[in-house]
Amino acid sequence: MTTASTASGGTSRSALRVGPRSAVTLAAASFVGALMFIWPLLLTPSQEADRVDPPFVFLVLMPVVIVVVLVELTEGGMDSRALAMLGVLTAINGALRTLGAGTSGVELVFFLLVLAGRVFGPGFGFALGCTSLFASALLTGAVGPWLPFQMMCAAWIGMAAGLLPRRVSGRWEIAMLVVYGVVVAYVFGMLMNLWSWPFLLGAEISGQGERTLAFDPGASLRENLQSFGLYTLATSTATWDTGRAITNALAIVVLGPAVLATLRRAARRARHLPA
């Protein structure tokens, strides 16, 4: 178990150790996962292309990438205490998502993910992001081809929360987590829009008809970025994403101090129990 400074001035141990090999696996998987989101922006413009075949292989590859990372992280790095904590927080997060189920962006699943990643570290945050979205999808019936991509986004959110500066404490820590919660709310919406954009709107052919917000394989990177920016602004930024950002901010401000204290107390007690 690795040791890191906490915001409260003591020390905490990462619930899931990330060794050098695990860190490399995590970085490589994140890179591959990022490519699966941004592939439409990487295509070479071609005025002769008459259609684009969406890379459905990504729908199979993304779950494989996630499983590989989780196996690597948990192999020898997660004891029974960390596994129990992961199970409890996954169950709580799954139940929290059913309270809003994404209605108008009201999603409580992310605030606990941010706080748990903050306390237990990036490896645990990555695992909790995956398991939380999977469990909540089963509870809400929101299982579909988008689920692995939601899991990867949530995993990144939990992981990055564990990488935030550890020396920040008190009100400054809450302020930092509020800002982080707001930012990731918009990033989550943007990434999910980027994944679904070519599938939902199809491929628009350059030089034919009026320009729309659809993905255009024959357009330049700048033109597709402009189209995507307008698309995500029109579909979620001002509505779903803003609702998610407000929910995250309010939950962290109101419940954050108490939840952080509870999680840190649980982490301290777990260290004194036999593995």
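Residues numbered from 1 in each chain as written. Predicted model: local features only at pLDDT ≥ 70, side-chain atom pairs only at ≥ 80, totals over all residues. Heavy atoms only, no water.

S.K.: How would you sum up the packing of aromatic side chains? Please name residues and give values.
M.R.: According to the stated counting rule, one finds seven aromatic pairs in the structure shown. Aromatic pair tryptophan 197 and phenylalanine 228: ring centres 5.3 Å apart, planes at 55°, arrangement tilted. A residue pair is termed long-range when its members are at least 10 positions apart, and tryptophan 197 in helix H7 (residues 170-201) and phenylalanine 228 in helix H8 (residues 221-271) qualify at 31 residues. Classification of phenylalanine 228 by relative accessible area gives buried; the value is 6%. Aromatic rings pair up to connect Phe37, Phe149, Trp156 and Trp195 into one cluster. (Phe/Tyr/Trp six-rings, centres within 6.5 Å; stacked < 30°, edge-to-face > 60°. Helix = DSSP H or I, 4+ residues; strand = E, 2+ residues; numbered from the N terminus. Buried < 20%, exposed > 50% of the residue type's maximum accessible area, 1.4 Å probe, protein only.)

S.K.: Describe the packing of helix H1 (residues 20-42) against helix H6 (residues 147-162), naming the residues involved and giving the relevant values.
M.R.: Closest axis-to-axis distance for the H1/H6 pair is 11 Å, and the angle between their directions is 135°. One way to sum up the angle between H1 and H6 is to call them oblique. Where H1 crosses over H6, the handedness of that crossing is left-handed. Between H1, through Leu26, Ala29, Ser30, Gly33, Ala34, Met36 and Phe37, and H6, the contact on the second element is made entirely by Phe149, Met152, Cys153, Trp156 and Met159. A per-class count over the contact of H1 with H6 returns 10 nonpolar, two polar and no charged. (Axes fitted to C-alpha atoms, helices over the stretch in contact; angles between N-to-C directions. Parallel < 35°, antiparallel > 145°, perpendicular 65-115°, else oblique. Left-handed = near helix turned anticlockwise from the far one by under 90°. Contact = heavy atoms within 4.5 Å. Nonpolar A, V, L, I, M, F, W, Y, C, P; charged D, E, K, R; others polar.)

S.K.: Go over the environment of methionine 36 with me, naming the residues and quoting the values.
M.R.: Locating methionine 36 in the fold gives a position in helix H1. Spatially, the C-alpha atoms of methionine 36 and tryptophan 195 are 7.7 Å apart, while their sequence positions differ by 159 residues.

S.K.: Before we move on, could you go through the nonpolar core and cite the residues and values that matter?
M.R.: Here is a general trend for soluble globular proteins: nonpolar side chains tend to be buried in one another's company. The biggest cluster of nonpolar side chains holds 61 residues, and the ones touching the most others in it are Phe37, Leu89 and Phe120. Of all the secondary structure elements, the ones that give two or more residues to this core are H1, helix H3 (80-100), helix H4 (109-120), helix H5 (122-140), H6, H7 and H8. Here this core takes 12 residues from H7, the largest share from any one element. (Core = buried A, V, L, I, M, F, W, Y, C linked by side-chain atoms within 4.5 Å.)

S.K.: Report on the environment of glycine 243, specifying residues and quantitative values.
M.R.: Relative to the elements of secondary structure, glycine 243 occurs in helix H8. For glycine 243, a relative accessible area of 14% gives the class buried. Put simply, glycine 243 and alanine 185 are 58 residues apart on the chain and 8.7 Å apart in space, counted from C-alpha to C-alpha.

S.K.: An account of the side chain of asparagine 193 is needed here, citing residue identities and associated values.
M.R.: Tracing the sequence through the fold places asparagine 193 in helix H7. Once residues within four sequence positions are removed from consideration, asparagine 193 is found in contact with Phe228, Tyr231, Thr232, Thr235 and Ser236.

S.K.: Tell me about H1, and please be specific about residues and values.
M.R.: Of all the bends in H1, the greatest, near 50°, is centred on methionine 36, and the proline proline 40 appears no more than four residues after it. Every buried residue belonging to H1 is among Ser22, Thr25, Leu26, Ala29, Ser30, Gly33, Met36, Phe37, Trp39, Pro40 and Leu41, and all of these are buried. (Bend = angle between axes of the 7 residues up to and from the residue.)

S.K.: Mind laying out the environment of isoleucine 92, listing which residues take part and the relevant values?
M.R.: Tracing the backbone shows isoleucine 92 in helix H3. On the accessibility criterion, isoleucine 92 (39% relative accessible area) is partly exposed. As for isoleucine 92 and serine 136, which are separated by 44 residues in sequence, their C-alpha atoms are 9.4 Å apart.

S.K.: Tell me about the pattern of salt bridges, and please be specific about residues and values.
M.R.: Overall, the coordinates contain three salt bridges when judged by the stated rule. The salt bridge involving glutamate 173 is made with arginine 264; its shortest N-O contact spans 2.6 Å. Placement of glutamate 173 in helix H7 and of arginine 264 in helix H8 is noted, with a sequence separation of 91 residues between them. The same class applies to glutamate 173 and to arginine 264, which are both buried. Ionic pairing is found between aspartate 241 and arginine 244, a salt bridge with its closest N-O pair at 2.9 Å. Of the two residues, aspartate 241 and arginine 244 are both situated in helix H8; the distance of three residues between them amounts to about one turn of the helix. Overlapping salt bridges, with partners in common, bring together Arg118, Glu173 and Arg264 in one network. (Salt bridge = Lys/Arg side-chain N within 4 Å of Asp/Glu carboxyl O.)

S.K.: I'd like to hear about H6, residue by residue, with values.
M.R.: Along its 16 residues, H6 runs 23 Å from first to last C-alpha, staying within 8% of the 22 Å computed at 1.5 Å per residue. For H6, a buried count of 15 out of 16 residues is recorded, marking the element as mostly surrounded by other parts of the structure. (Expected span 1.5 Å × (residues − 1).)

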